[in-house]
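Listed below, chain by chain, are the residues.
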Amino acid sequence: MIELNINGRTQQVDADPDTPLLYVLRGQLGLNGAKFGCGLGQCGACTVIVDGNAVFSCITPISALGTRAVRTVEGLGTIDNPGPMQRAFIEEQAAQCGYCIPGMMMRAQAMLERNPNVSEAEIRKTMGVNLCRCGTHMRILKAVGRAANAMKSAKGST
Amino acid sequence: MLVLLCAIAGAACSTRTVIDSGAPAATTAFPKDRIAKGATLAAIGDCASCHTAKDGKPYAGGFPVSTPFGTVYGTNLTPDPATGLGRWSEAEFRRALREGIGDHGEHLYPAFPYDHFTLLHDDDIGALYAFLMTRDPVRNEVPANTVIVPRAFVAVWKKLYFHPGEFRADPSRDPRLVRGEYLAESLGHCGACHTPRNKLGAEKKDEAYAGGEVGGWHAPALNAGSTSPARWTADAMTAYLSTGIADDHAIAAGPMAGVTRNLGHVPKDDVEAIAAYAVSLNSGGSGARAAPARRAAAGDRADSDVNGARIYAGACGDCHDRGRAADGGALPLQLAIAPTLPVPSNLIHIVRDGIVPQAGERSRWMPSFAGTLTDAEMTDLVTFLRANSGYPPWTGVPAAVREAKQARE
Amino acid sequence: MTNPADADASFPPVLSRRAFLAGSGALIVSFALWPLRSVAQAPAAPAAGELPASLKKTPLLDAWIRINADGSVTVFTGKAELGQGVTTALQQIAAEQLSVPMNRIAMITADTGQTPDEGYTAGSNSLKDSGTAILNASAQVREILLTQASQRLGVAPERLSVRDGAFVADDGRRLGYGELVAGQLLHVNAQPQSKLKDRATRTLMGKPVARVDIPRKVTGGVAYVQDLRLPGMVHARVVRPPSYGAKLKTLDAVAVAKLPGVLKIVRNGQFVAVIASDEYKAVRAMRALADAATWEAAPALPPQAGIHDHLLHLASQDTVIRNAGDIAAAAGTTIEATYRRPYQMHGAIGPSCAVAQFRNGQLSVWTHSQGVFPLRAAIAEMVAMPLDKLRCIHMEGAGCYGHNGADDAAADAALLALAMPDTPVRVQLMREQEHSWEPYGPAMIGKARATLDAGGRIAGWQYEVWSNTHSMRPGKAGHLAAAQVLATPFAIPAPQGIPQPEGGGDRNAIPLYAIPNMRITHHFIAEMPLRVSALRALGAYANIFATESFADELALAAKADPVEFRLKHLDDPRAQDVIRSAADRFGWSAFQRARNRGRGFAFARYKNLAAYCAIAMDVEVERETGEVKIGRVVVAVDSGDAVNPDGIRNQIEGGIVQSLSWTLFESVTWDATRITSRDWSGYPIMRFPGLPQSIDVAVIDRPGQPFLGTGEAAQGPASAALANAVADATGARIRDLPLDRARIKAAIGA
């Protein structure tokens, strides 16, 4: 059994240490957010946050995680109580098929937590690691911008 | 000593003049084939890499070149009259390449490798001039150099290390090798990265192609000191230089990525000539040096080895154990050069940042493991891969891992 | 599909069976259910006059609308949610016409066990076919309920108001829909005419109602077939042949069978798969199985360089699809140009997936296929089962953009479920399998030739297009990848064209321009060097690229402004409106050209029947690298009655970005034996840094007008607007797609 820290909770997982995190999230833990897109670290549909860094969960073996904190889109909020990033994506209707979106959100979340005042050019460059095939990019950018503002004003008010 | 140097410098200064040869030729004066030839030569010279700032316009300058003496910024090569070459005549341009002298008669810092470009034939210089003068002029004031050495001292440096003069072909040699040598030594300026430098920043001619350092990357030895596990053939080298990939060796990364991208636009026979020459540098020895015997005894393994092996199995093995031919497969690492190099920097860069094609480019793809692995895991993995190469352990791996991380942030 | 999050407890979904057991107040749905029910007696003969859209094929009202005892509504559609927002739009239509709030409605989509058969969700026909059917069915259901209420309350219908799913009299007496419905009340055929709600009172249709599926997609809910988890489910991976037609020589599966978690290895002819207890074990076993197989190389593929010439020399069936006036009579300056399009792929971000279960003689398949009914027929043929023993249920996948690997994955899952009865089996294709086996958008050649008269008008226009079929969708087993390689393989069916006015390779081959002498020829090439089928917009992408690039070349020759030139040749006022809107909002006439900077325009009406779309854009081209930086993209679209204007904008923005990606980057690559573009490293697509600065879409709403299909309307115009802008910026006209950096650099010269 391997112990993992997922969305703030300790989880015991019965899987080979070599198993990429993506399969453990979806299989053993039943979390739907991170998606299989390529398994090669090329598309970012599997993106989650590990200790503040956006990573490809499809190439991250669970043996490498140790006690590091793993966050998935499920950790950003719920359907009844969505977090700022999720609200932003809903408000901007930033999805067509939506398959790439959780990965986008985690990439954006890690970026904004690092630097809430990131420029549009920087956003485009950072998000460039994640692919969208439906062409939802413009809305994704708007949603990320909206989330950035929401996160900034939330900070300001505390 | 200082007085003597100043005297020599002063003497050197007084022999240079400003060439006043009137206005440069209008762009319409350059025949199309001359310009096309110049484009090819500029690609071989990889001029764009040092003369284009990150996210800047091509050839408009502003790229910082770190030297032990400070930072030199690549100049604006576009024909902008105020900030670029717009007012340079062909004669001034030729003098810069051949003698390392600017349009105000000043010595140019040898970060600009005129010790290589001096070898260029006149009409190649003319073609380069035609090419540069027909680029789009871009107004760009390049930042001032921060070099601590005054230009006058460059005169001394030149006296010691610079031997201007055009390339002379050896008629007894295979013409293809001659062409390759000419291109590689002049425009290719391969030695500028692949040859170690002395304390005054000059290439050590007696250690030509024994390997060098550039921008945090190690430029591997191309001579008999090469540690490439598989022997480089001319075909493999041609493939590498023109496509950025040699199946049994490497994918171009770091500074070589730009070089190979440019060489992809160069006529095949020129690339083949350069490749033949590069491979010939290694013909003195027995080809790739045989790798020392691997460390076998399990009892010898340190904890980090076990950890490294485990990380390898989980993060790398799925792709790297299957070979390039398999779907999602990658180079088996016993063929990889990076673990065999004298320093860990290349391997660390590749694991951290991956090797990722440019927009719209078709190329192999190694993903980035920066967030996936902690610094400690990166250290253990790199140590494990080094141990498996059979070469003695690297020193200072944790520091190198930290440095690579800081360079990115 | 209803909210899958709700359905967790009840998979396989059998809502109507529950409703049936719940007793009266719910309608009996009249077509085959699970388990099989006999079709209820057909009521009185249909009324005179044609029923609109899908009502023609499925006239019974309760096939579309069910009012439950508690007043909630279930709406059935044969169309599938692909991420285009159709579920929301249909829900809006039903909610509007029924006068119930959105959240009172549950949508059930594309299920051979429950919904009408509306063929494929394709061709941008969903609102036209299903939307129109539901529009009318809902309105008619409301009227029937109104009549009931009027009778029961003893109040004239016009004295009753409808609010929140109930009819209310002046005195406050109220009857909810659930109380009104009984027995076979709605088991009647639709009428040709409906009393639609007054447009002025619309609260939902025409409004940008938020998509009902987005909240669960951004909070980790069950949203895709990839998320489906059934009790006891196992995981499978297939081993596809390395190339088309490769034969399996040896397979030494002994060691693989012993790998941890491996439950079964399946081999049937060239069909090879492994089933394991968990997904990653399946992946590992698949790799081992692939290594344990040796294949005989297939016949050589034609060289990629020169593929268009190769296609031009293949036998073709030649049809003149438009012959107006006399092309020989057109006099003036003649211009010719040839345009080429490579094979391009769907490249869904999520490789295809399906789950199947064979239990009690019934086979259920959960699939993101675009056509569950035709798929069912194909699988039934493949496994020799009667149709009524097979149920295909749509669950979303990643965006598919046409016929991708979804049907193949479904067939794989069906075969494996039969190999492991009672156990739900999940098949997930790998990235490389999706990339190399999906049916591509075919390579095409378009040759244009036109004559300008002395006044600069187009006097004659000739266009010939060469193309394979654009549809090899199931129907038949031989359309499925697995079926093609079984021990007793199914032959690949002969390709079919799609007749005009829709067209396949000839879609939009006929320009909308008013040209007195016109001759358009479609050369249908039967032989398919690579596997091909429908990719978003079908032939319209290449044909509009050609037509609209050529229109600019003609405008240049006529020394005319490209926008004015188009307007001059169009009679259709709606076409003129979108063109003017895009051009004006772009600032076309005030554009400042600069070095390496230019503007481009294009217009088309998708299929000459569906949505109108006009696009203007500006670009800056970097000479040294061939890189194209796109500035502003300004668009106008007319989709008729705009049910969800935001949905329209979303589809158009997405279509533009996707088309820009195809146009700037994309072509499938192959060597002598196999496809070499096997993942994103070999098939680069648009990423964030390459995006335009902005995309601004104006929707021209035409309430009351028929719905016009929009999902594919932007593909063609975006490509030509880009090519025209690049030509304007550099003077280099490029006619070969994609306009990648190398081509642009070569066209500009040193």
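Position numbers for residues count from 1 along each chain, tracking the sequence in the order it is written. Note on labels: chains are lettered from A, ligands numbered from 1, in written order. Given that the model is predicted, a residue must reach a pLDDT of at least 70 before its local features are reported, and side-chain atom pairs must reach 80 or more before they are shown or counted; all residues, however, enter totals for whole chains, interfaces and linings. Calculated side-chain values reflect all of the structure's heavy atoms, with hydrogen atoms and water omitted.

Caption draft 1: Inspection of the overall build of chain B at higher detail. A tally of helices and strands in chain B yields 16 helices and six strands. Using a 1.4 Å probe on the protein chains alone, a residue whose accessible area is under 20% of its type maximum counts as buried, one over 50% counts as exposed, and one in between counts as partly exposed. Counting over 409 residues, chain B shows a buried share of 51%. We call two residues in contact when some of their heavy atoms are within 4.5 Å. Taking contacts inside chain B between residues at least 6 apart in sequence as the whole, the part at least 24 apart equals 65%. The method behind every accessible area is Shrake-Rupley, applied with a 1.4 Å probe, and residues are considered shielded solely by the protein chains displayed. Working note: accessible area of chain B is about 18700 Å², and carbon and sulfur atoms make up 57% of it. Segments assigned H or I by DSSP are reported as helices when at least four residues long, segments assigned E as strands when at least two residues long, and all are numbered from the N terminus.

Caption draft 2: Structural view of the overall build of chain C. Counting secondary structure elements, chain C contains 19 helices and 24 strands. Overall, chain C is about 80 × 75 × 45 Å in size when its C-alpha atoms are taken along their principal axes. Taking all 750 residues of chain C together, the buried fraction comes to 65%. Accessible surface computed for chain C: about 24900 Å², of which carbon and sulfur atoms make up 53%. The sign given to each residue is positive for Lys and Arg and negative for Asp and Glu; His and the chain ends receive no count. We put the charge of a Lys on NZ, of an Arg on CZ, of an Asp on CG and of a Glu on CD. Charge-centre separation for chain C: the mean point of 77 positive side chains lies 2 Å from the mean point of 71 negative side chains.

Caption draft 3: Looking closely at the pattern of salt bridges. By salt bridge we mean one thing: a side-chain nitrogen of Lys or Arg within 4 Å of a carboxyl oxygen of Asp or Glu. In this structure the tally under the stated criterion is 69 salt bridges over all chains. Here Glu279 of chain C and Arg237 of chain C are joined by a salt bridge, their closest N and O atoms 2.8 Å apart. Of this pair, Glu279 of chain C sits in helix α8 (residues 279-291) while Arg237 of chain C sits in strand β7 (residues 234-239), placing them 42 residues apart in sequence. Accessibility expressed as a relative area gives 0% for Arg237 of chain C, which makes it buried. Residue Glu548 of chain C pairs with Arg566 of chain C through a salt bridge whose shortest N-O separation is 2.7 Å. Here the residue Glu548 of chain C occupies a position in helix α14 (residues 540-557), and Arg566 of chain C occupies one in helix α15 (residues 562-568), the gap between them amounting to 18 residues. Taken individually, Glu548 of chain C and Arg566 of chain C each receive the classification buried, so the pair is uniform in this respect. Taken together, the shared-partner salt bridges connect Glu90, Arg94, Arg98, Asp122 and Glu166 of chain B into one network.

Caption draft 4: Examining the interface of chain A and chain B more closely. The interface is formed by 16 residues belonging to chain A together with 16 residues belonging to chain B. Once two parts are joined, some of their accessible surface, as seen by a 1.4 Å probe, is lost; buried area is that loss totalled over both. Both faces combined, the contact of chain A with chain B buries some 1300 Å², and carbon together with sulfur accounts for 55% of it. A per-residue breakdown of the area chain A buries against chain B is headed by Gln42, Ile59 and Arg68 of chain A, which together make up 31% of the total. Inspection of the chain A/chain B interface yields one salt bridge. One salt bridge connects Arg68 of chain A with Glu377 of chain B, and the closest N-O pair in it is separated by 3.3 Å. Within 3.5 Å is the distance limit for a polar contact, defined as a pair of N or O atoms, with the added protein rule that one can donate a hydrogen and the other accept it, and that residues adjacent in sequence qualify only through two side-chain atoms. Linking chain A with chain B are five residue pairs in polar contact (both at pLDDT 80 or more). Element by element, the count of residues in the side of chain A that touches chain B is highest for strand β4 (residues 53-56) of chain A, at three residues.

Caption draft 5: View of the packing of helix α4 (residues 90-99) of chain B against helix α6 (residues 122-133) of chain B. All names here are of chain B. One way to put it is that α4 packs onto α6 with a least axis distance of 10 Å and a crossing angle of 120°. With respect to α6, the axis of α4 lies oblique. You can see that α4 and α6 cross each other, and the crossing is right-handed. Contacts from Glu90, Phe93, Arg94, Leu97 and Arg98 of α4 reach α6 at Asp122, Ile125, Gly126, Leu128, Tyr129 and Leu132. The residue makeup of the contact of α4 with α6, split by class, is six nonpolar, one polar and four charged. Angles run from 0 to 180 degrees between N-to-C directions of axes, and those axes are lines fitted to C-alpha atoms, restricted for helices to the stretch in contact. Here the word oblique covers every angle except those under 35 degrees (roughly parallel), over 145 (roughly antiparallel) and from 65 to 115 (roughly perpendicular). Each helix crossing is assigned a hand: it is left-handed if the near helix lies turned anticlockwise from the far helix by less than a right angle, otherwise right-handed if that turn is clockwise. Residue polarity is assigned by list, with Asp, Glu, Lys and Arg as charged and Ala, Val, Leu, Ile, Met, Phe, Trp, Tyr, Cys and Pro as nonpolar; anything else, Gly included, falls into the polar class.

Caption draft 6: Spatial organisation of the packing of aromatic side chains. Residues and elements named next belong to chain C. Pairing of aromatic side chains requires ring centres within 6.5 Å, counting the rings of Phe and Tyr and the six-membered ring of Trp. Pairs whose planes differ by under 30 degrees are stacked, by over 60 edge-to-face, and all others tilted. Counted under the stated rule, the structure contains 21 aromatic pairs over all chains. Aromatic pair Phe167 and Tyr177: ring centres 5.5 Å apart, planes at 35°, arrangement tilted. With Phe167 in strand β5 (residues 166-168) and Tyr177 in helix α5 (residues 177-180), the pair connects residues that are ten residues apart, well separated along the chain. Like Tyr177, Phe167 is buried. Between the aromatic rings of Phe586 and Trp588, the centroid separation amounts to 5.9 Å while the plane-to-plane angle is 45°, which identifies the pairing as tilted.

Caption draft 7: Up close: the confidence of the model for chain B. Residue and element names in this part refer to chain B. Each residue carries a pLDDT value, the predictor's own confidence for that position, ranging from 0 to 100. Of the residues in chain B, 88% reach a pLDDT of 70 or more, and the chain-wide mean stands at 89. Least confident of the elements in chain B is helix α1 (residues 2-14), whose mean pLDDT is 47; most confident is helix α5 (residues 114-117), at 98. Considering only residues more than four positions removed or in separate chains, one finds that residues 1-15, a stretch of pLDDT under 50, has eight contacts. Here residues 284-289 is modelled with pLDDT under 50, and outside its nearest four sequence neighbours on either side it reaches 13 contacts, counting other chains as well.

Caption draft 8: A look at the packing of α14 of chain C against helix α18 (residues 715-730) of chain C. Residues and elements named next belong to chain C. The N-to-C vectors of α14 and α18 enclose an angle of 35°; their axes lie 8 Å apart at closest approach. The interaxial crossing formed by α14 with α18 has right-handed handedness. Note on element contacts: α18 touches α14 through Gln715, Gly716, Pro717, Ser719, Ala720, Ala723 and Asn724, opposite Ala540, Tyr541, Ile544, Phe545, Glu548, Ser549 and Asp552. Partitioning the contact of α14 with α18 into residue classes produces seven nonpolar, five polar and two charged.

Caption draft 9: Seen up close, the sheet that holds strand β24 (residues 694-700) of chain C. All names here are of chain C. Any two strands with at least two DSSP-identified bridges between them are counted as paired. Strand order in the open sheet formed by four strands is β21-β22-β23-β24, and the pairing between neighbours is mixed. One side of each edge strand has no neighbouring strand; the edge strands of this open sheet are β21 (597-605) and β24. Pairwise comparison of adjacent strand axes, ignoring direction, gives a mean angle of 15° for this sheet. Relative to strand β22 (residues 612-622), β21 is paired through nine bridges, and the arrangement is antiparallel. Its bridge partner lying in β22, Phe603 is registered against Ala614. Lying on the sheet, helix α16 (residues 573-586) is in contact with β21, β22, β23 (627-638) and β24; it crosses β23 at an angle near 140°.

Caption draft 10: Quick peek at the interface of chain C and chain A. On the chain A side, the residues contacting the 66 residues of chain C number 52 residues. The junction of chain C with chain A conceals about 4700 Å² of combined surface from both sides, 57% of it contributed by carbon and sulfur atoms. Residues Asp227 of chain C and Arg26 of chain A are paired through a salt bridge, measuring 2.7 Å at the closest nitrogen-oxygen approach. Our count for the chain C to chain A interface comes out at 34 residue pairs in polar contact (both at pLDDT 80 or more). Those elements that place two or more of their residues in the side of chain C that touches chain A are α6 (214-218), α8, α12 (431-437), α17 (645-665) and β24 of chain C. The residue inventory of the side of chain C that touches chain A, partitioned by class, reads 28 nonpolar, 20 polar and 18 charged.

Caption draft 11: Fine view of the domain arrangement of chain B. Residues and elements named next belong to chain B. Splitting chain B by domain gives domain 1 (2-161), domain 2 (175-195 + 205-280) and domain 3 (298-408). In this complex, domain 1 contributes 15 residues to the contact, which on the side of domain 2 involves 17 residues. Counting each side, the surface lost to burial between domain 1 and domain 2 is near 1500 Å², with a carbon and sulfur contribution of 68%. At the junction of domain 1 and domain 2, the tally comes to zero salt bridges. Remark: the boundary between domain 1 and domain 2 carries four residue pairs in polar contact (both at pLDDT 80 or more). Residue ranges for the domains trace back to a domain assignment, done automatically or taken from a database.

Caption draft 12: Representation of the environment of Ile748 of chain C. All names here are of chain C. Checked against the element boundaries, Ile748 lands in helix α19 (residues 741-748). Remark: the alpha-carbon pair of Ile748 and Arg733, spanning 15 residues in sequence, is separated by 9.2 Å. Non-local contacts of Ile748, meaning those with residues more than four positions away in its chain, are made with Val621, Arg623, Thr730 and Ala732.

Caption draft 13: How the structure looks around α16 of chain C. All names here are of chain C. What a helix should span is 1.5 Å times the count of its residues minus one. Relative to the 20 Å expected for 14 residues at 1.5 Å per residue, α16 spans 20 Å between its end C-alpha atoms, a close match to the ideal helical length. Considering only its buried residues, α16 is in contact with α15, β21, β22, β23 and β24. If you check the start of α16, you find a side-chain oxygen 2.9 Å away from the backbone N of Arg574, and it comes from Asp572. Two residues or fewer after α16 comes Gly587, characterised by a positive phi angle close to 80°.

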